[in-house]
Structures are given as structure tokens and as C-alpha cells.
Amino acid sequence: MNDKCDIYKNMVLLLDSGELDARDRRELEAHLARCGACREFQSELARAAGAARRTCGGDNPPARIEARILTAAVDHLAERRRRTPLVFTRRILAAAAALCIALGIWMLANRAPRSVPVRLAESEPEAQYEIGVENEIASLFDPEFDDLVSVELLSELDADDFTALDRELMLLEGLAI
Amino acid sequence: MAMPDQELLAKYRAGDVRAFEELVQKYKNPLYSYILRTVYTRDEADDVFQEVWLRAIRNIDRCDGRKFLSWLFRIAHNLIIDRYRKSRPVVSLDEKKDGAPALVDNLPDKGEAPFRRMIDGETGATIDRALALLPVEQKEVFLMRVQADIPFKEIARIQRVSINTALARMQYALAKLRIAIAEDMASTGGGAK
């Protein structure tokens, strides 16, 4: 027996429990071949385990305790069954609420951008034309949009409209007579 | 072939009580044996055993079934520790008191291999008396390993100690059992051949 025997005894215990890896197993086998104390420990473990298994093998709880446990198991299942529809309904409601919120957020994020009308600047009148579709019609008929024109809409206007618009623009720019 | 614990648990969760009954039948012996030798009376053992299973039922969804027996032992270990804390202080043979050497230090390195001399008929009472002398933490390791076949890695987790501590406790337990059995045999005349 040497100082390292405690380590090898731990290995014997791990070998018995199936937790020793192959490398350590080979090392242990080499040690056991030359160490009587560790071999004796290994046999002692086997005998102690065998004796304890024989002794404790007949220990069983009283039948009434087992019956109570099984009754509790049945009650638990019944309770689960009672709880399940409520839990299911709650989950559906929660999912529906989440869906509504998500839909609302999506609608807010994707709603058509409200065109911000840009007033004509004297230096770059063409670059300032508002393109937003929503305001295109309004810009023609709403008095508030009198001074606005839409580039897209220009393509849809006929000759008379152009004449009217030209006049409007000239008026805005102070060119009209 | 016995059905794996995971399947039995799944069947129970699906409404099959017989699957749970099978689990109780499968593990009642090692669990009850461990509890019986770790508490003081049979009534106490019955209470703890019942409470372990009731807690297991209440928390059944937390266990995936891969280490069901270890899980049961962990519940039992926690219950027993709670009872010890509430009732009586645990006297450990490892502890040194008033500067005196710990009882474990007085154990001789080499025994007379009393396990070898044990005769089957007298084994039960002898080993029971020897087990009763072990400190609870060593008795736990011995019973979990020998009786329930729980690996040391799991035992260490249950006791919340390192695997080296669990292994050392097993070594101490075996050494003390050897001494206790030798003394028991000497006093009863058993094995003195």
C-alpha cells in the first residue's frame, strides 16, 4: 500500500459504478496487479454491497402508504384534466391579444406615409413638387393646397389644365400679368 | 423488458395511472430502504416515503424522466436533511470535538476483512447494526450507491458536494462498516471461526 492507494481506491469505486474511463481503467488494473491492499478493498466493496443488497432487499413500505400515493396520482391527473380547458382558453386569449397587438403595430408601421407637402421654393421650383398620391387630388381642389402642384398629376392633365396651372405658377412666382 | 422511466412518465402525464404505479413498484424498495435507514423510526420513514412521492407527483412536469430515481433520492435527501435540522443535531464521526481526534482517525488501516467472514444468515442484523452507526452523509452515499445503484456523479449532485467528497465518504463508510461488523461479530460470537 502506498500514498496513492486512496486515489486507486476511488478508481475502484468508480469502476464499480461504471464511471471510470478506459485509460484510468488500464492504469487501475496495472496497480491492482501489484497492490494487495487495493485488491482487498475491491473484494471488500463487492462483499459489502452484496451483503447490503441482501439485507435491504426486503424493505417495502406498508400497502396503505402505496395506496395513498396512487390515490394522489389519480387525483393529480383529474386535477390536470380540470385545469387544462381553462389553461387552453387562457392561452388562446393570450395568443389572440398578442396577434391583435402585432397586427396593430404592423398597420401603424406600414400605413401609407402621409405626404408632407413642400412649398415651392423660388430657386428650385421643380424639385419641390410634391409626389404623394393622397395629396395630388386635394392639391387641385382644396383651397389650402392652392399653391401646390403634383408632378405625377401633371402627366394626366390636359392642355386646358396646363394652361390653368401655368397661370397659377406664374401667379405664384409673381410673373403673371 | 421494463419500460424506460421517460416513457412511463409520458404515459402517466397522458392519463395512464398504471404507468405511475409501475414507477412506484420499480423504485419503492431502494427508496424506502434508504429512507428507513436514514431516519429514526419506521413511522417517520413511512411519512418521508409518502411525502417524497407526493412531491414528485406535484412536480412531475419538472422531471423529464432520464434520472427519475436520482430525482426521487434528491427529494428524499432534502426532506431528511430538513427533518434532521429541525429535530436533532447530527453527530458526525468526521468532526473533531474539544481538540480530540475525530473518531474516524482511530480506525485502523487494516481490518480483519469481516465481510469475508460474514455468513448469509446473520448478515442482515449485522449490517443493519453497522449501518446504524454511520453518520448520515456516509450512510446516504453507501445506500444510494449500493442499494439504488446511483453513480457517484449523481450522488455528489444530490448531496451538493464534489465527486471526491462523495468518494471519500464511501471509503469512510466501508472502513467503518468493516470495523463495526468485526466488533458486532466479536460481541455476538458470529464469524469467530
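The model shown is predicted, which means the values in this text are computed figures rather than measured ones.

**Student:** Could you give me a rundown of the overall build of chain A, with the residues and numbers involved?
**Tutor:** On a plain count of helices and strands, chain A comes out with 7 helices and 0 strands. Secondary structure elements of chain A occur, N-terminal to C-terminal, as α-α-α-α-α-α-α. Taking all 177 residues of chain A together, 29% fall into the buried category. By sequence separation, contacts in chain A at least 24 residues apart represent 33% of the contacts at least 6 residues apart. As displayed, chain A has an accessible area near 12100 Å², and 58% of this comes from carbon and sulfur atoms.

**Student:** A description of the nonpolar core should follow, citing residues and the corresponding values.
**Tutor:** Counting 83 residues, the largest nonpolar core has B:Phe20, B:Ile35, B:Trp53 and B:Phe142 as the members making the most contacts within it. Apart from residues no more than four positions distant in its own chain, B:Trp53 is found in contact with A:Ile69, B:Phe20, B:Leu23, B:Val24, B:Tyr27, B:Leu31, B:Phe68 and B:Leu72.

**Student:** Can you break down a nonpolar patch on the surface residue by residue, with the values?
**Tutor:** Taken together, the side chains of A:Leu103, A:Trp106 and A:Met107 define a hydrophobic patch exposed on the protein surface, amounting to about 370 Å² of accessible area. You can see A:Trp106 is positioned in helix 4 (residues 63-110).

**Student:** Please provide a residue-by-residue account of the interface of chain A and chain B, values included.
**Tutor:** Every contact between the two is made by 40 residues of chain A and, on the other side, 50 residues of chain B. Taken together, both faces of the contact between chain A and chain B bury some 3900 Å²; the carbon and sulfur share is 62%. The largest contributions to the chain A side of the interface with chain B come from A:Glu44, A:Asp59 and A:Ile69, which together make up 14% of the buried area. With a shortest N-O distance of 2.9 Å, B:Asp61 and A:Arg80 are connected by a salt bridge. Counting the contacts that link chain A with chain B gives 17 residue pairs in polar contact (both at pLDDT 80 or more). Residue assignment for the side of chain A that touches chain B shows that the elements contributing at least two residues are helix 1 (5-16), helix 3 (36-56) and helix 4 of chain A. Considering only residue class, the side of chain A that touches chain B consists of 18 nonpolar, 7 polar and 15 charged.

**Student:** Lay out unusual backbone geometry with the relevant residues and their values.
**Tutor:** All names here are of chain B. Phi at Asp-149 takes a positive value of approximately 60°, unusual for a residue other than glycine. Considering the arrangement of structural elements, one finds Asp-149 in the loop between helix 7 (136-146) and helix 8 (152-159). At Arg-160, a residue that is not glycine, the phi angle is positive and equals roughly 55°. According to the relative accessible area criterion, Arg-160 is exposed, its value standing at 62%.

**Student:** Provide a residue-level description of helix 1 of chain A, including the pertinent values.
**Tutor:** In an α-helix, one turn spans 3.6 residues; hence positions three or four apart end up facing the same way. All names here are of chain A. Here helix 1 contains 12 residues, and its C-alpha end-to-end distance of 16 Å stays within 8% of the 16 Å for a straight helix at 1.5 Å per residue. Looking at helix 1, one finds that the buried residues are Cys-5, Tyr-8, Lys-9, Asn-10, Met-11, Val-12, Leu-13 and Leu-14. The positive-phi residue at the C-terminal boundary of helix 1 is Gly-18, with phi of around 75°.

**Student:** Go over the confidence of the model for chain A with me, naming the residues and quoting the values.
**Tutor:** For chain A, per-residue confidence averages 76 on the pLDDT scale, and 64% of positions sit at 70 or higher. Overall, residues 145-151 of chain A carries pLDDT values under 50, and its contacts beyond four positions in sequence, including any with other chains, amount to 19 contacts.

**Student:** With reference to specific residues and values, describe the packing of aromatic side chains.
**Tutor:** Residues and elements named next belong to chain B. For the coordinates displayed, the defined rule picks out 8 aromatic pairs over all chains. Between Tyr-27 and Phe-68, the ring centres sit 6.1 Å apart and the planes meet at 45°, which makes this aromatic pair tilted. Taken together, the residues span a long stretch of sequence, with Tyr-27 in helix 2 (residues 17-36) and Phe-68 in helix 4 (residues 68-86) at a distance of 41 residues. Like Tyr-27, the residue Phe-68 is buried in the burial classification. Where Tyr-34 meets Phe-73, the ring centres are 4.8 Å apart and the plane angle is 45°; that geometry is what we call tilted. One end of the pair, Tyr-34, is in helix 2; the other, Phe-73, is in helix 4, and 39 residues separate them in sequence. There is no split in this pair, since Tyr-34 and Phe-73 are both buried.

**Student:** Mind laying out the confidence of the model for chain B, listing which residues take part and the relevant values?
**Tutor:** Residue and element names in this part refer to chain B. Summarising the model, chain B shows a mean pLDDT of 81, and 77% of its residues fall at 70 or more. Overall, residues 103-113 carries pLDDT values under 50, and its contacts beyond four positions in sequence, including any with other chains, amount to 20 contacts. Complex prediction metrics read pTM 0.64 and ipTM 0.76.

**Student:** Tell me what's going on with helix 3 (residues 42-58) of chain B, and back it up with residues and numbers.
**Tutor:** Relative to the 24 Å expected for 17 residues at 1.5 Å per residue, helix 3 of chain B spans 24 Å between its end C-alpha atoms, a close match to the ideal helical length. Within helix 3 of chain B, burial applies to B:Glu44, B:Ala45, B:Asp46, B:Val48, B:Phe49, B:Gln50, B:Val52, B:Trp53, B:Leu54, B:Ala56 and B:Ile57.

**Student:** So what's going on with the packing of helix 3 of chain A against helix 7 of chain B? Which residues, and what values?
**Tutor:** A pair of packed helices is captured by two measures, namely the crossing angle of their axes and the spacing between those axes. Packing of helix 3 of chain A against helix 7 of chain B leaves a shortest axis separation of 10 Å and a crossing angle of 85°. The orientation of helix 3 of chain A with respect to helix 7 of chain B, classified from their angle, is roughly perpendicular. Only B:Phe142, B:Leu143 and B:Val146 of helix 7 of chain B make contact with helix 3 of chain A, whose side of the interface consists of A:Ala48, A:Ala49, A:Ala52, A:Arg53 and A:Cys56. Here the residues of the contact of helix 3 of chain A with helix 7 of chain B are counted per class, giving 7 nonpolar, no polar and 1 charged.

**Student:** Can you lay out the packing of helix 2 (residues 22-34) of chain A against helix 3 of chain A for me, pointing to particular residues and giving the numbers?
**Tutor:** Residues and elements named next belong to chain A. For the pair helix 2 and helix 3, interaxial distance at closest approach is 6 Å and the crossing angle is 110°. Classified by the angle between their axes, helix 2 and helix 3 sit roughly perpendicular to one another. In this structure, helix 2 contributes His-31, Leu-32, Ala-33 and Arg-34 to the contact, and helix 3 contributes Gly-36, Cys-38, Arg-39 and Gln-42. Among the residues forming the contact of helix 2 with helix 3, the class breakdown is 3 nonpolar, 3 polar and 2 charged.

The rules behind the values
- Residue numbers run consecutively from 1 along every chain, following the written order of its sequence.
- Think of it this way: whatever chain is written first is A, whatever ligand is written first is 1, and the rest follow in order.
- Since the coordinates come from a predicted model, pLDDT governs what is reported: local features require at least 70, and pairs of side-chain atoms require 80 or more to be given and counted, while whole-chain, interface and lining totals use all residues.
- Note that the side-chain values use all heavy atoms of the structure and ignore hydrogens as well as water.
- What counts as a helix is a DSSP run of H or I of at least four residues, what counts as a strand is a run of E of at least two, and both are numbered from the N terminus.
- For the exposure calls, accessible area comes from a 1.4 Å probe over protein chains only, and a residue counts as buried if that area is under 20% of its type's maximum, exposed if over 50%, partly exposed in between.
- Should any heavy atoms of two residues lie within 4.5 Å, those residues are counted as being in contact.
- In this description, accessible areas are obtained by the Shrake-Rupley approach with a 1.4 Å probe, and a residue is regarded as covered only by the protein chains that are shown.
- We call a set of buried residues a nonpolar core when its members are Ala, Val, Leu, Ile, Met, Phe, Trp, Tyr or Cys and they connect through side-chain atoms within 4.5 Å of each other.
- Surface patches are defined over residues having more than 30% relative accessible area and no salt bridge, joining like charges when they lie within 9 Å and nonpolar side chains (Val, Leu, Ile, Met, Phe, Trp, Tyr) when within 5 Å.
- Counted as salt bridges are all cases of a side-chain nitrogen of Lys or Arg within 4 Å of a carboxyl oxygen of Asp or Glu.
- Take the accessible area each of two parts loses on contact, using a 1.4 Å probe, and add the two losses: that sum is the buried area.
- A 3.5 Å cut-off defines polar contacts: any pair of N or O atoms within that distance qualifies, except that in protein one atom must be a possible hydrogen donor and the other a possible acceptor, and neighbouring residues in sequence count only when both atoms are side-chain atoms.
- In the scheme used here, Gly and all other residues not listed as nonpolar or charged are polar, with Ala, Val, Leu, Ile, Met, Phe, Trp, Tyr, Cys and Pro taken as nonpolar and Asp, Glu, Lys and Arg as charged.
- Each helix should span, by expectation, one fewer than its residue count multiplied by 1.5 Å.
- For every residue, the pLDDT score states the predictor's confidence, bounded by 0 at the bottom and 100 at the top.
- Stacked, tilted and edge-to-face are the three classes assigned to paired rings of Phe, Tyr and Trp, where Trp is represented by its six-membered ring and a pair needs centres within 6.5 Å; plane angles under 30 degrees give stacked, over 60 edge-to-face, the rest tilted.
- What counts as an axis is a line fitted to C-alpha atoms, over the stretch in contact for a helix, and the angles between N-to-C directions run from 0 to 180 degrees.
- For classification purposes, an angle smaller than 35 degrees is called roughly parallel, one larger than 145 roughly antiparallel, one from 65 to 115 roughly perpendicular, and anything else oblique.

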